[in-house]
Amino acid sequence: MATHAGPIVVGADGGLTDSSAVRWAAVLAQRTGLPLIVVHASEPEALAARAAVAGATDITLLLEAEEEGNQQLSEQVDAMGNNLGIDVTYVTRRGSAGKALLEYQHEASVIVVGTGRKGLISEFVLGTTSLAVAAHAHCPVAVINPEVKVEALTHHRIGVGIDGSRDSQAAATAALQFAETVDAGVVAVSTWYIETVDGYLVTEPDSPEWHQLQESKRSTLERALAPAREAHPQVPVELEVRRGPVIGTLLEMSKDWDLVVVGSRGLGGIQGRLLGSVSQRLMRAASVPVLVCTLPKDVAVDA
């Protein structure tokens, strides 16, 4: 969540209230009391393509059908707001969904987006909208896969991956702020896998090198969390140092969480890359919402 109480903004396609992303955003608005803005964007190119497939020489009928659909979606949004007792606004835009959502990046507490459907490798295919918004937004972005069971997110635990990067400090701050907002605890995780100490490949749990690595990772957690813990002292925090691949470890642990929070780019990212491999893999594969955070360049990181 952002440091100010701006609206929750969610992108909606034709599915709208059946969408896991919209349902999650609506429940969050209900729990926080923040207003919800539902944004539906349509591109003229897509409408023209539909007309070509239908063999239409005039897209007027398709435009009328689209307007009728927007009216129906607006009525669904109003009904959802009344049912949940939330302040909700429905907004339509012409153009790309990513651009429409990024218009709110400076005022939103969080932007919520969905992903594509599962592919052959049993991971979700990230659409251009989810990638673009998560990579470029200045505010946190929650990515919700279509099979996330929103009603089952009742663990009251928020997980956050920490690797000591700038963006993982932003993730730590967002995790504790979110946890305080929804009355949850935080599990902060740092991982290591293939590491050497003084030229020694660390594999023995009882070795001095193993303990040295564990303590180093724990110190990384403590440093990254210090500002957030000072700002949110009431939030219970658990520190976990795990040996194993970071993605597999976070995916397994996230089964007991309601949200996993990560930085946009980690220490292993390629310089200039807008979205790191860890955040992208989690966005594709997680069975819980993934909150992606970026630390503004003008904010210093504690050494």
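Just so you know, these numbers come straight off a predicted model, no measurement behind them. (Residues numbered from 1 in each chain as written. Predicted model: local features only at pLDDT ≥ 70, side-chain atom pairs only at ≥ 80, totals over all residues. Heavy atoms only, no water.)

We now examine the pattern of salt bridges. For the coordinates displayed, the defined rule picks out 6 salt bridges. E240 serves as the salt-bridge partner of R242, at 3.2 Å between the closest nitrogen and oxygen. Overall, the relative accessible area of 33% leaves R242 in the partly exposed class. Take E240: its relative accessible area is 23%, and that puts it in the partly exposed class. (Salt bridge = Lys/Arg side-chain N within 4 Å of Asp/Glu carboxyl O. Buried < 20%, exposed > 50% of the residue type's maximum accessible area, 1.4 Å probe, protein only.)

To continue, consider the environment of C293. Turning to its location among the elements, C293 is positioned in strand β12 (residues 290-293). Considered as a pair, C293 and A134 are 159 residues apart in the sequence and their alpha carbons are 8.2 Å apart. Contacts of C293, omitting those with residues within four sequence positions, involve P140, D167, A170, A171, A174, V261, V262, G263 and S264. (Helix = DSSP H or I, 4+ residues; strand = E, 2+ residues; numbered from the N terminus. Contact = heavy atoms within 4.5 Å.)

Time to look at the sheet that holds strand β11 (residues 259-263). Strand pairs in the sheet, formed through backbone hydrogen bonds, run parallel or antiparallel to each other. Within the open sheet, the 10 strands sit side by side as β3-β2-β1-β4-β5-β12-β11-β6-β7-β10. Their pairing is mixed. Every other strand in the sheet has two partners, leaving β3 (88-94) and β10 (237-243) as the edge strands with one partner each. Strand-to-strand twist across the sheet, computed as the mean angle between neighbouring axes with direction ignored, equals 25°. Across 3 bridges, the pairing between strand β6 (residues 157-161) and β11 is parallel. Bridge pairing links I158 to L259 in β11. Packed on one face of the sheet, helix α1 (residues 20-32) meets β1 (8-11), β2 (36-42), β4 (110-114), β5 (141-144) and β11 and runs near 170° to β1. (Pairing = 2+ DSSP bridges. Axes fitted to C-alpha atoms, helices over the stretch in contact; angles between N-to-C directions.)

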